[in-house]
Amino acid sequence: YAIIAAVDAEGGFGKDGKIPWYYPEDFRWFQSQTKGHICVMGKATYAEINEKIGEKGATSVLPDRKCFVISSTLNQADVSNATVVPDLYAVDALLSDEDIEKTVFYIGGEQVFTQALSRADRVLITAINATHGCDRFFPTHSLNKLFRVNKVYKSEHTNDLRFVEYIRR
């Protein structure tokens, strides 16, 4: 299990239901880490991704990934490009034998990140060296208690980004 998120200097990751920045290198990092794996997200994250990708997401909200949406209000009939589950633990029962070798990535939002910290072995953070007036925050206080920095990758294109891998203490 792993968490992947991009956060600004204040630990923020969202504003008004959107990601308040655009860094193509971060999107490439996200795709390279999650492609071929499993992604679990909350309803708002699902809605934002669907809005951004439009028709490209007709069969899967994130192509080349098995996707799950945690929701108590959506029904499977409402969602054609992901599987609806009531909580993050329900995903385990729906994984196939082939999925055992894959990583389950928790990709947002705030409640998913908070709940997934108890399950994750790794956390991949894109650290953005700027503030964006966010209204949604990653639980960085828990991150620093439960995990330690394992690797840091510098951006090839900007001083605004670092990619940090945390592993459980």
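Look above for the structure.
A brief look at the structure comes next. (Residues numbered from 1 in each chain as written. Predicted model: local features only at pLDDT ≥ 70, side-chain atom pairs only at ≥ 80, totals over all residues. Heavy atoms only, no water.)

## Remarks on the nonpolar core
Moving on, step 1. By size, the foremost hydrophobic cluster in this structure holds 26 residues, and its most contacted members are Ile3, Val40, Tyr106, Val123, Ile125 and Phe138.
Moving on, step 2. Within the residue set of this core, elements represented by two or more residues are β1 (2-7), β3 (38-42), β4 (66-70), β6 (104-106), α4 (110-116), β7 (122-128) and β10 (161-168).
Moving on, step 3. Apart from the residues within four sequence positions on either side, Val123 is in contact with Ile3, Leu117, Phe138, Leu143, Phe147, Val164, Glu165 and Tyr166.
Moving on, step 4. Ranked by size, the runner-up nonpolar core spans 25 residues in total, among them Trp29, Met41, Cys67 and Leu161. (Core = buried A, V, L, I, M, F, W, Y, C linked by side-chain atoms within 4.5 Å. Buried < 20%, exposed > 50% of the residue type's maximum accessible area, 1.4 Å probe, protein only. Helix = DSSP H or I, 4+ residues; strand = E, 2+ residues; numbered from the N terminus. Contact = heavy atoms within 4.5 Å.)

## Focus on the sheet that holds strand β9 (residues 147-154)
Moving on, step 1. Strand order in the open sheet made by the eight strands is β5-β4-β3-β6-β1-β7-β10-β9, with mixed pairing throughout. With partners counted over all chains shown, the strands left at the sheet margins are β5 (83-85) and β9, one partner each. Adjacent strand axes in the sheet meet at a mean angle of 25° when their direction is disregarded.
Moving on, step 2. The sheet contact formed by β7 and β10 spans seven bridges and is antiparallel. Note on β10: the bridge partner recorded for Thr126 is Phe163.
Moving on, step 3. Here helix α2 (residues 43-53) sits on the sheet and contacts β3 and β4; the angle it forms with β3, its principal contact strand, is near 110°. (Pairing = 2+ DSSP bridges. Axes fitted to C-alpha atoms, helices over the stretch in contact; angles between N-to-C directions.)

## Overview of the packing of aromatic side chains
Moving on, step 1. Within this structure, the stated rule accounts for six aromatic pairs.
Moving on, step 2. Here the aromatic rings of Trp29 and Tyr153 are separated by 5.7 Å at their centres, their planes lie at 50°, and the arrangement is tilted. Note that Trp29 is positioned in helix α1 (residues 24-34) and Tyr153 in strand β9, a separation of 124 residues in sequence.
Moving on, step 3. Given a relative accessible area of 34%, Tyr153 falls into the partly exposed group.
Moving on, step 4. What links up through ring pairs into an aromatic cluster is the set Phe13, Phe113 and Phe138.
Moving on, step 5. Taking NZ or CZ as reference, Arg119 lies 4.3 Å from the ring centre of Tyr1, over its face. (Phe/Tyr/Trp six-rings, centres within 6.5 Å; stacked < 30°, edge-to-face > 60°. Lys NZ or Arg CZ within 6 Å of the ring centre and 35° of its normal.)

## Some points on the environment of Pro139
Moving on, step 1. On the secondary structure map, Pro139 appears in the loop between β8 (136-137) and α5 (140-146).
Moving on, step 2. Judged by its relative accessible area of 7%, Pro139 falls in the buried class.
Moving on, step 3. Every residue in contact with Pro139, bar those within four places of it in the chain, is listed here: Phe113, Thr114 and Leu117.

## Side note on the environment of Ile38
Moving on, step 1. Mapped onto the elements of the fold, Ile38 is located in strand β3.
Moving on, step 2. By relative accessible area, which is 0% here, Ile38 ends up buried.
Moving on, step 3. When the C-alpha positions of Ile38 and Tyr1 are compared, they lie 9.5 Å apart, and in sequence the two are 37 residues distant.
Moving on, step 4. Ignoring any residue separated from it by four or fewer positions in sequence, one finds Ile38 in contact with Lys66, Phe68, Leu95, Asp99, Lys102, Thr103, Val104 and Phe105.

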